Amino acid sequence: DTEVTQTPKHLVMGMTNKKSLKCEQHMGHRAMYWYKQKAKKPPELMFVYSYEKLSINESVPSRFSPECPNSSLLNLHLHALQPEDSALYLCASSQGFLDYEQYFGPGTRLTVT
Amino acid sequence: KQEVTQIPAALSVPEGENLVLNCSFTDSAIYNLQWFRQDPGKGLTSLLLIQSSQREQTSGRLNASLDKSSGRSTLYIAASQPGDSATYLCVVGGGADGLTFGKGTHLIIQP
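Residues numbered from 1 in each chain as written. Chains lettered and ligands numbered in written order. Predicted model: local features only at pLDDT ≥ 70, side-chain atom pairs only at ≥ 80, totals over all residues. Heavy atoms only, no water.

Caption draft 1: Representation of the overall build of chain B. Helix and strand counts for chain B come out as 0 helices and 11 strands. Put simply, chain B runs from its N terminus to its C terminus through helices and strands in the order β-β-β-β-β-β-β-β-β-β-β. Its C-alpha atoms give chain B a radius of gyration of 13 Å, within 12% of the compact-globule value 13 Å for 111 residues. Principal-axis analysis of the C-alpha atoms gives chain B an extent of 45 × 25 × 20 Å. Per-residue burial over chain B gives 44% buried out of 111 residues. When contacts within chain B are restricted to residue pairs at least 6 apart in sequence, those whose partners lie at least 24 apart make up 53%. Surface summary for chain B: the accessible area is close to 5200 Å², and the carbon and sulfur share equals 49%. (Helix = DSSP H or I, 4+ residues; strand = E, 2+ residues; numbered from the N terminus. Rg over C-alpha atoms; globule rule 2.2 N^0.38 Å. Buried < 20%, exposed > 50% of the residue type's maximum accessible area, 1.4 Å probe, protein only. Contact = heavy atoms within 4.5 Å. Areas by Shrake-Rupley, 256 points an atom, 1.4 Å probe, with all protein chains shown as cover.)

So this is what it looks like as structure tokens:
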């Protein structure tokens, strides 16, 4: 299984809502990533987990809260988002930290109203 | 700080042509370089990964080269097909910057 899955595929939320994005992989990868991608722009790295520990936080606002409950699962908890947070959120995984091929999920299209 | 530049930003060619996409980076101290394709609104599909010690990788009609000393990589697509239409991203890995993405080349193959 060489797949990274993400749920939901689409999410519409109000600025006062709390929601979560989920990412899962069963390739035994020990590094997992969250990216944010705006239209016609390249993905921007948000967080990197290595061996279930947060290794990189690219100065992301606290309204985004990542969680890595186990080596196969990565969550992104959302609270009090702004309309400018609307974007495609991509999850990725790799065997090792930085040094290996990354596998990307299909993304969650988030719209904040 | 690593910077990755992709040229051209957009390219439209007739079906069947061979084409080259270019990627340059400013810091040669990299771990690897990866080429992805992205279809509109979709995730990224890995095409080729070149480790820092390698010079090139091939997969089917695709060939990617890496010249670390000059900070350049090229993605060569042979006998282009309409299904190759997508955005191609060059991603450099390594160093304190972690991963750095280029802005992509938007490719259209005309039937």
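Caption draft 2: Quick peek at the sheet that holds strand β7 (residues 62–67) of chain B. Residue and element names in this part refer to chain B. Taken in spatial order, the 5 strands make up an open sheet running β1-β3-β8-β7-β6, and their pairing is antiparallel. Strands with a single pairing partner mark the edges of an open sheet, and in this sheet they are β1 (4–7) and β6 (56–59). Neighbour-to-neighbour, the strand axes of the sheet open up by a mean angle of 15 degrees, direction not taken into account. Note: β1 against strand β3 (residues 19–25), 4 bridges, orientation antiparallel. By the bridge assignment for β3, Val 4 is matched with Phe 25. (Pairing = 2+ DSSP bridges. Axes fitted to C-alpha atoms, helices over the stretch in contact; angles between N-to-C directions.)

Caption draft 3: Inspection of the state of the cysteines at higher detail. Scanning the model with the defined rule gives 2 disulfides over all chains in all. Each sulfur of the disulfide joining Cys23(A) and Cys91(A) lies 1.8 Å from the other. Where Cys23(A) bonds to Cys91(A) through sulfur, the torsion about that S-S bond is close to -70 degrees, and the disulfide is left-handed. You can see Cys23(A) sitting in strand β3 (residues 18–25) and its partner Cys91(A) sitting in strand β9 (residues 87–94), a full 68 residues away along the chain. Here the two residues Cys23(A) and Cys91(A) agree in accessibility, since each one is buried. Here Cys23(B) connects covalently by a disulfide to Cys90(B), the sulfurs 2.0 Å from one another. Taking the torsion about the sulfur-sulfur bond, which here is approximately -65 degrees, the covalent link between Cys23(B) and Cys90(B) counts as left-handed. Taken as a pair, Cys23(B) in strand β3 and Cys90(B) in strand β9 (residues 86–93) lie far apart in primary sequence, 67 residues in all. For the pair formed by Cys23(B) and Cys90(B), the shared burial category is buried. With no disulfide of its own, Cys68(A) lies closest to Cys23(A) among cysteine sulfurs, the gap being 9.3 Å. For Cys68(A), a relative accessible area of 13% gives the class buried. (Disulfide = S-S within 2.5 Å.)

Caption draft 4: Fine view of the interface of chain B and chain A. The partner chain A presents 16 residues to the 19 residues of chain B that form the contact. Interface of chain B and chain A: buried area, both sides summed, is about 1400 Å²; carbon and sulfur atoms make up 59% of it. The interface formed by chain B and chain A contains 0 salt bridges. Between chain B and chain A we count 2 residue pairs in polar contact (both at pLDDT 80 or more) in total. (Buried area = accessible area lost by both parts, 1.4 Å probe. Salt bridge = Lys/Arg side-chain N within 4 Å of Asp/Glu carboxyl O. Polar contact = N/O pair within 3.5 Å; in protein donor to acceptor, adjacent residues only side chain to side chain.)

Caption draft 5: Seen up close, the pattern of salt bridges. For the structure shown, the criterion picks out 6 salt bridges over all chains. Two residues, Glu24(A) and Lys22(A), come together in a salt bridge whose shortest N-O distance is 3.8 Å. With its nearest N and O atoms 2.8 Å apart, the salt bridge here joins Asp39(B) to Arg37(B). Each member of the salt-bridge network shares a partner with another, and the members are Lys36(A), Arg63(A) and Asp85(A).

Caption draft 6: Focus on the pairing of strand β5 (residues 44–51) of chain B. Residues and elements named next belong to chain B. Pairing between strand β4 (residues 32–38) and β5: 7 bridges, direction antiparallel. Within β5, the position partnered with Asn 32 by the bridge is Gln 51. Hairpin connection, β4 to β5: the antiparallel pair is bridged by 5 residues, and Gly 41 has positive phi, about 70 degrees.

Caption draft 7: A look at the sheet that holds strand β7 (residues 64–70) of chain A. Residue and element names in this part refer to chain A. Strand order in the open sheet formed by 4 strands is β1-β3-β8-β7, with antiparallel pairing between adjacent strands. Of all the strands in the sheet, the pair left with one neighbour each is β1 (4–7) and β7. Across the sheet, the mean angle from the axis of one strand to that of its neighbour is 20 degrees, orientation sign disregarded. Sheet topology note: the β1/β3 ladder contains 4 bridges and is antiparallel. Opposite Gln 6, over in β3, you have Cys 23 as the bridge partner.

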